[in-house]
Amino acid sequence: MNKRFRLLLTPLLLSGLLMQSACENRDPDRRATVDYEATLNSAQLVGVDQSSTATGTFTGVYNKESKVLSYTLTLAGVTPTQVYIAQAQPGVSNGIADIILPNPQGGTLTGETALSQRQENDLIYGNYAVIVRSAQYPNGAIRGNIQVRKY
């Protein structure tokens, strides 16, 4: 009886260990890098004109060991005068520029920036938004709150 019990228990224990290791690989707190994303549009702007029809996407990979955020920003329908990442929670004012990004050439910008400990905390806790300003919309044409990418 004891031998039969061990034969039944062994596959259950092994499957539990496999499930745990699979979950650890998807948990952003346990990985060396974390993927982020944002969809930019005027609907996410707070307290300013939301009539811009421009759109954009932001994807990023944050390396927790080097503290470097690598990103790609793609814009359509806007000629930016300023692009920045600001401390701004969803539904809260657009915030002050915290990380200035260069203006995209041809609508796409790829780059990387090192983050301080405070900036890393803001990124991890979802307190950052990408904001694009233009001549027509000097207070913000589009915005997208940066969030952990969901798989």
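What you are looking at is a predicted structure, and each value in this text was computed from that prediction instead of being measured.

Asker: Would you mind showing me how to read the packing of aromatic side chains here?
Answerer: For any pair of aromatic rings, geometry is given as the distance between the ring centres together with the angle between the planes. The full count for this structure, using the stated rule, is 1 aromatic pair. Here the aromatic rings of F58 and Y71 are separated by 6.1 Å at their centres, their planes lie at 15 degrees, and the arrangement is stacked. Of this pair, F58 sits in strand β2 (residues 55-63) while Y71 sits in strand β3 (residues 68-76), and the two are 13 residues apart along the sequence. Each member of the pair, F58 together with Y71, is buried.

Asker: Help me out: how do you make sense of the side chain of R143 in this one?
Answerer: By secondary structure assignment, the location of R143 is in strand β8 (residues 142-145). We note that R143 is buried and unpaired, the nearest opposite charge coming from D122 at a distance of 12 Å. Here S93 takes part through its backbone oxygen, which lies 3.5 Å from a polar atom of the side chain of R143. A polar side-chain atom of R143 sits 3.4 Å from a polar atom in the side chain of N145.

Asker: How should the pattern of salt bridges be read in this particular structure?
Answerer: A side chain of one charge can pair with a side chain of the opposite charge when the charged atoms of the two come close. In this structure the tally under the stated criterion is 3 salt bridges. A salt bridge links R118 to D122; its shortest N-O distance comes to 3.0 Å. Here D122 and R118 lie together in helix α2 (residues 117-124), a separation of 4 residues that amounts to about one turn. You can call R118 partly exposed: its relative accessible area is 38%. Counted as one network, the salt bridges with shared partners bring together D98, R118 and D122.

Reading guide: rules and limits
- Residues numbered from 1 in each chain as written.
- Predicted model: local features only at pLDDT ≥ 70, side-chain atom pairs only at ≥ 80, totals over all residues.
- Heavy atoms only, no water.
- Phe/Tyr/Trp six-rings, centres within 6.5 Å; stacked < 30°, edge-to-face > 60°.
- Helix = DSSP H or I, 4+ residues; strand = E, 2+ residues; numbered from the N terminus.
- Buried < 20%, exposed > 50% of the residue type's maximum accessible area, 1.4 Å probe, protein only.
- Lys, Arg positive; Asp, Glu negative; His and termini not counted.
- Salt bridge = Lys/Arg side-chain N within 4 Å of Asp/Glu carboxyl O.
- Polar contact = N/O pair within 3.5 Å; in protein donor to acceptor, adjacent residues only side chain to side chain.

Everything listed is a geometric property; what it means functionally is a separate question.
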